[in-house]
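Reading the structure
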Amino acid sequence: MKELVVISGKGGTGKTSIVASFAALAQNAVLADCDVDAADLHLILEPRVKQTSDFIGGKQASVVTEKCIGCGKCEDVCNFDAVFFNGQANDVVEKTYTIDPIACEGCGVCTYFCQNDAIEFKDTVNGQWFISDTRFGPMVHAKLGIAEENSGKLVSLIRKETKRIAEEQKKDLIIVDGSPGIGCPVIASITGADIVLIVTEPTLSGKHDLERVAELAAGFNIPTLIAINKFDLNPDMVTQIEEDARKRNMKVIGKIRYDKAFTKAQIMKCSVVEYTGGAVTEDIKALWRNVTYAF
Ligand code: SF4
Ligand code: SF4
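Residues numbered from 1 in each chain as written. Chains lettered and ligands numbered in written order. Predicted model: local features only at pLDDT ≥ 70, side-chain atom pairs only at ≥ 80, totals over all residues.

1. Quick look at the domain arrangement of the chain
The line we're drawing: Boundary definitions for the domains trace back to an automatic or database domain assignment.
One can read the domain layout of the chain as domain 1 (2-46 + 135-294) and domain 2 (58-125). Once you take the C-alpha centre of each, domain 1 and domain 2 turn out to be 44 Å apart.

Following this line, the structure appears as structure tokens:
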């Protein structure tokens, strides 16, 4: 079984549209949406959810007012300024301590030091993840709560589940819509993958973002390929990107022309290759062929 992860230096490069087209062109693939901070592959693939599970991203502390004796030890040991002396009275003291759930990082130190067992330390549900069916095969995806963190942990969970399904259903390919950028979620997206495909566009910011993400991918020693979307908009920049790629020992294996079909297909909730048989679809098919040769 092989795992292809498609990433980009930033959002808006057409990465998800390309992944959706790959899903349509692939045979026997399991799909994963690891762009959990801005998941939108589901908008094109319209998954039918079969299983929903809570995502436990971490833990959080809270004071049990009735048990607190107001000693202040929790405030002393909290390195995140999450503890406040503003809680309600109880039978023992006129004021107790409380914990700000937003400031609490869930380190658990206060729980350890509270001698009165007055701090609860509970799992926090940061979102949900789903196992679904799509018209192109099974898909694992997620919805992270607003302003929730730990998306790297969620990405790892999605990839693990995708692998399990691929093994169970004897699928030979996993296609991952990876997170953009160079942060924790993208690291979680590419670690241990067989091939990384970076989607970029020929603009100065696209080139700059490509450099950053290419450097990151190189650090993981994973074969990395590059696709340039909207290549016809700036031929000079395409040449520069190709030169940069050569220096990095990375190959530009596909170029896709600018076409409004990307937007129109999204509106119609379909992939570009389903939407049109035009030249842009031929570009994507050629890119897909080159990706499969690289395995
Ligand atoms: S350490 Fe425990 S008993 Fe002391 S103030 Fe904090 S919660 Fe209350
Ligand atoms: S769990 Fe850690 S961050 Fe949260 S209140 Fe306790 S010491 Fe502070």
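2. Thoughts on helix H8 (residues 235-247)
Residues spaced three or four apart along an α-helix point in a common direction, a consequence of the helix completing one turn every 3.6 residues. Test applied: A run of DSSP states H or I qualifies as a helix once it reaches four residues; a run of E qualifies as a strand once it reaches two. Both are numbered from the N-terminal end. What a helix is expected to span follows from its residue count: subtract one and scale by 1.5 Å. Field definition: a residue is buried when 20 or more other C-beta atoms are found within 10 Å of its C-beta, exposed when 12 or fewer are, and partly exposed for counts in between, with C-beta atoms placed from the backbone. This arc is built from the directions going out from the helix axis to the C-beta atoms. Each residue gets a C-beta atom placed from its backbone, and two residues are in contact if those atoms lie within 7 Å.
Between its first and last C-alpha, H8 extends 19 Å over 13 residues, near the 18 Å set by a 1.5 Å rise per residue. Of the positions making up H8, those classed as buried are Val238, Ile241 and Ala245. Within H8, the buried residues cover an arc of 65° as seen down the axis, which keeps them to one side. In H8, those exposed residues whose orientation departs by more than 90 degrees from the buried face are Asp236, Thr239, Glu243, Arg246 and Lys247. In the core, the buried residues of H8 are packed alongside strand E9 (195-200), helix H7 (204-218), strand E10 (224-229) and strand E11 (251-256). Taken from the residues just after H8, asparagine 249 is the one with a positive phi, measuring 65°.

3. Examining unusual backbone geometry
Keep in mind that most residues, glycine aside, have a negative phi and that most peptide bonds are trans. Unlike most non-glycine residues, asparagine 221 shows phi in positive territory, near 60°. Looking at the secondary structure, you find asparagine 221 in the loop between H7 and E10. Exposure remark for asparagine 221: the 7 C-beta atoms within 10 Å place this residue in the exposed category. The backbone of lysine 230 shows a phi angle near 60°, a positive value even though the residue is not glycine. The residue lysine 230 is located in the loop between E10 and H8 in this model. Lysine 230 sits in the buried class, given 20 other C-beta atoms within 10 Å.

4. Focus: the environment of threonine 124
Along the polypeptide, threonine 124 turns up in strand E6 (residues 119-134). A residue is classified by how many C-beta atoms lie within 10 Å of it, and threonine 124, with 17 of them, is partly exposed. On a C-alpha basis, the gap between threonine 124 and phenylalanine 55 in space is 8.3 Å, while along the polypeptide they are 69 residues apart. Aside from chain neighbours lying at most four places away, what touches threonine 124 is Ile56, Gly57, Gly58, Lys59 and Gln60.

5. With respect to the site of ligand 2
How we decide: What makes a residue near a molecule or strand is its C-beta atom, placed from the backbone, lying within 6 Å of it. Charged residues are taken to be Asp, Glu, Lys and Arg, nonpolar residues to be Ala, Val, Leu, Ile, Met, Phe, Trp, Tyr, Cys and Pro, and polar residues to be all remaining types, Gly included.
Contacts to ligand 2 come from 14 residues, most closely from Ala61, Cys78, Cys104, Cys107 and Cys110. Each residue belonging to the shell around ligand 2 can be placed in one class, and the counts come to eleven nonpolar, two polar and one charged.

6. Describing the packing of H7 against H8
Defined as follows: Axis lines are fitted to C-alpha atoms, over the contacting stretch for helices. Their N-to-C directions set the angle, which ranges from 0 to 180 degrees. Convention used here: angles under 35 degrees read as roughly parallel, angles over 145 as roughly antiparallel, angles from 65 to 115 as roughly perpendicular, and any remaining angle as oblique.
Axis separation between H7 and H8 bottoms out at 10 Å; the angle between their running directions is 10°. Relative to H8, the element H7 lies roughly parallel. Every residue of H8 that contacts H7 at Lys207, Leu210 and Glu211 is listed here: Met237, Gln240, Ile241 and Asp244. Its residues assigned to classes, the contact of H7 with H8 comprises three nonpolar, one polar and three charged.

7. Description of the sheet that holds E9
We apply this condition: Strand pairing is assigned whenever DSSP identifies at least 2 bridges connecting the two strands.
The nine strands lie next to each other as E3-E6-E7-E2-E8-E1-E9-E10-E11, forming an open sheet whose pairing is mixed. Edge positions in the sheet fall to strand E3 (48-63) and E11, since each has one partner strand and no second. Each strand axis lies, on average, 20° off the axis of its neighbour in the sheet, ignoring direction. Helix H5 (residues 151-168) contacts strand E2 (29-33), E3, E6, strand E7 (137-144) and strand E8 (173-177) of the sheet and is inclined by roughly 165° relative to E7. Against the sheet, helix H11 (residues 279-294) makes contact with strand E1 (2-8), E9, E10 and E11, and its axis sits at roughly 160° relative to E11, the strand it touches most.

8. Digging into the nonpolar core
Where we set the bar: Only buried residues count toward a nonpolar core: Ala, Val, Leu, Ile, Met, Phe, Trp, Tyr and Cys, linked into one set through C-beta atoms within 7 Å.
Within the largest apolar cluster, 73 residues are counted, with the highest numbers of intra-cluster contacts made by Ala23, Ile175 and Ile198. Among the elements that take part in this core, helix H1 (residues 15-25) stands out by supplying seven residues, more than any other. Listed in part, the 14 residues of the second largest apolar core include Tyr97, Ile99, Cys104 and Ile119.

9. Brief notes about the site of ligand 1
The environment of ligand 1 is made up of 13 residues, and the closest members are Cys68, Cys71, Lys73, Cys74 and Cys114. Its residues placed into classes, the shell around ligand 1 shows nine nonpolar, three polar and one charged.

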